[in-house]
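Below, each chain spelled out in residue letters.
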Amino acid sequence: MTTDETCDDPASVRGLVRAYDRARAAAEELGPLVWTRSRPCAWWSLRLPRSTLLTRFYLSRHIDRSLGALVRGYNAREALGTLDDAMQRDRDLCAAYRRSLRIPSQLVAVLAYGMAALVIAQVLVSKSEEFEDTLAWIVAVHAAEFEKVDTDLARETLGLAAKTVSGSPATLVDVVDRSMDMSVLTGFVALAAAVFVVYVTTRMLVPAFRLKRQLLCLADQAEFGVRDTATGWFVDKSVGAYARERAVFRAVGARPPAEWPVDLIILAGPPILLLCIAVGYARFEAGFLYPLTVSSWFLAAAALRARWLDTCRRGRNLAAPVGGGAGAVGANPPIVVRVAGGRHVEGRAVSEVAALPVLAAILVPFVLNVVVIRPFYYVENAVAGALEVVVPAFLPWLVAGSWHRLARTTRQIEGTLRAGARSRGPLRAWASVVLFVSVVLAPFVVTRDLWVLGGLLHDRPRRNRARRLAALGVVVPLLDLLFLKLVSASLAAVGPLHPPRTGWLFALTGSLVVLGYGALLGAVQWAQNLLLPTCGEPTAFGRCDGPGRQ
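Residues numbered from 1 in each chain as written. Predicted model: local features only at pLDDT ≥ 70, side-chain atom pairs only at ≥ 80, totals over all residues. Heavy atoms only, no water.

Looking at the pairing of strand β3 (residues 335-338)
Which entries qualify depends on this criterion: DSSP-based pairing: two strands are paired if at least 2 bridges between them are found. Only runs of H or I of at least four residues qualify as helices and only runs of E of at least two qualify as strands under DSSP, and these elements are numbered from the N terminus.
The pairing of β3 with strand β4 (residues 344-347) spans four bridges and is antiparallel. Bridging from a neighbouring strand, V336 pairs with E346 of β4. Counting the residues between successive antiparallel strands, the hairpin from β3 to β4 contains five residues, one of them, G341, with a positive phi of roughly 90°.

Below, the structure is given as structure tokens:
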């Protein structure tokens, strides 16, 4: 790893300024689009184009705020009579480099974003009639009930909200005024639609902000750039220039300016929308049991996504060493470890993995209610209700790919840490998937994996917890078998083209199956994350090149 010669002292102001300068130079080399991967180690993680529209603006503003805060900290020391000659030179250095900054005009940035957001918002508003069925489903309102809603008022409020997002703050007063005239049902539809519009029109800001963070994390070395690393690795880490900032401000007796998590704030839109759907199912389908089950899926998806966002926010505040080595690795997932045999294995966030079964479950009602295939409209209506109800029965097949990755990682960890174990990862992983989707034999393989992972942990409380979680490998497949029995009995009574009859046991079991598979995958990922750092050497910045890529 090529590290600047002035980077030996973590609290060196000159080292921080040189890291800033390296980040600015890398940003100047970026074109309008940069091709990067989203995940460190995944065969499907292709290089995708990411806009750099506001990257230089974000970077320059970050450097200006940090250096300005440093100068103010030195000024405070001067007023207290504790400013020595070295600090005086550091203050002059910060002030001189700050004067060299050319911050892109905020007016240009606002106009560029406003024009793009206005186009997107107006397209959404012009197509609002086609979105009425979708908006009705968002709050789980049947078509007959949706006809009672003042759709013109909802559409008008949606249009005003879109104009507000696209840079017309004068319409905000109109939005509030029109919202006061809404009924609860109309307001709920408009709220869900407004969240969707705000998310779509601001989502374009996320890649530029993440590229800014990626540049700063890579600024403490000159070997790797944004095209050599995956953006997903940097979402919850603050290494490189961020670590230097903390060291320099700590030496001054101050704290670096808080970085607004622009990307995480924007990505809070989908959890809010999922929460709207969950409340819609529970509120407007009162008296029916199974809609409450579907509501629990959306509520769990919103909670897990919010948990992931909070984990990323807290991970950015974790202290990390400066320079190469551990500073380029990071302590929190995602992490990439090079295990025996030269293969690279990725450890992911537990909440991210636990959300996969829940997202797979809610994908079916989303497709059935939103993606309408008009030539098969009547056939779709005939089977939509039945498919939506029986989706937990197919859940092992929907998450088979995720279980294959977990099973393969488990066998690589076992082959690395257990003396005398033979490495037959690929073959045994596929056999594990076959047993997993069979449901009947799933308890054997799931319980075995959690028990083995627990036995490899040296910490006794964590080892005991992992082995207690192994009971999920028995409970969840048994619940799935019970659900399959209830589905078969109900379909035998009403026929294959009608929704099954749902009682309280049917609804409760369907909810527990989906949440149970989420807990099961999350437990395996949790145990793997504890063991992966002991299996080999974590790679710098989550890189996994060469034949070892998994």
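Some points on the nonpolar core
Inclusion rule: Definition of nonpolar core: a set of buried residues of the types Ala, Val, Leu, Ile, Met, Phe, Trp, Tyr and Cys, connected through side-chain atoms within 4.5 Å. Relative accessibility under 20% of the residue-type maximum defines a buried residue, over 50% an exposed one, and the middle range a partly exposed one, all with a 1.4 Å probe and only protein chains included. In what follows, residue pairs with any heavy atoms lying within 4.5 Å of each other are defined as contacts.
With 61 residues, the main nonpolar core has Y290, W297, F298, W403 and F436 as its most contacted residues. The element contributing the most residues to this core is helix α23 (residues 504-531), with twelve residues. In contact with W403, not counting residues within four places along its chain, are S432, V433, F436, V445, V446, D449, L521 and V524. Counting residues in each nonpolar core, the second largest holds 39 residues, with Y97, V226, V252 and F541 among its members.

Re helix α18 (residues 400-417)
To keep it simple, the criterion reads: Multiplying one less than the number of residues by 1.5 Å gives the expected span of a helix.
Helix length check: α18, at 18 residues, gives a terminal C-alpha distance of 26 Å against a target of 26 Å (1.5 Å per residue), a fit within 8%. With 14 of 18 residues buried, α18 is to be regarded as a mostly interior element.

Some thoughts on unusual backbone geometry
Positive phi values are uncommon outside glycine, yet V439 reaches one of about 65°. Given the relative accessible area of 5%, V439 is considered buried.

Looking at the packing of aromatic side chains
Inclusion rule: Side-chain rings of Phe, Tyr and Trp, where Trp is taken by its six-membered ring, are said to pair if the distance between their centres is within 6.5 Å; with planes under 30 degrees apart they count as stacked, over 60 as edge-to-face, and otherwise as tilted.
Counted under the stated rule, the structure contains eight aromatic pairs. Between F224 and F541, the aromatic rings sit 6.2 Å apart at their centres with planes inclined by 80°, giving edge-to-face as the arrangement. With a gap of 317 residues between them, F224 in the loop between α10 (205-217) and α11 (241-252) and F541 in the segment after β5 (537-538) connect regions that are remote in the sequence. Given the relative accessible area of 14%, F224 is considered buried. Measuring from ring centre to ring centre gives 5.9 Å for W233 and F541, while their planes differ by 75°; the resulting arrangement is edge-to-face. You can see W233 sitting in the loop between α10 and α11 and its partner F541 sitting in the segment after β5, a full 308 residues away along the chain. By relative accessible area, W233 is classed as buried at 0%.

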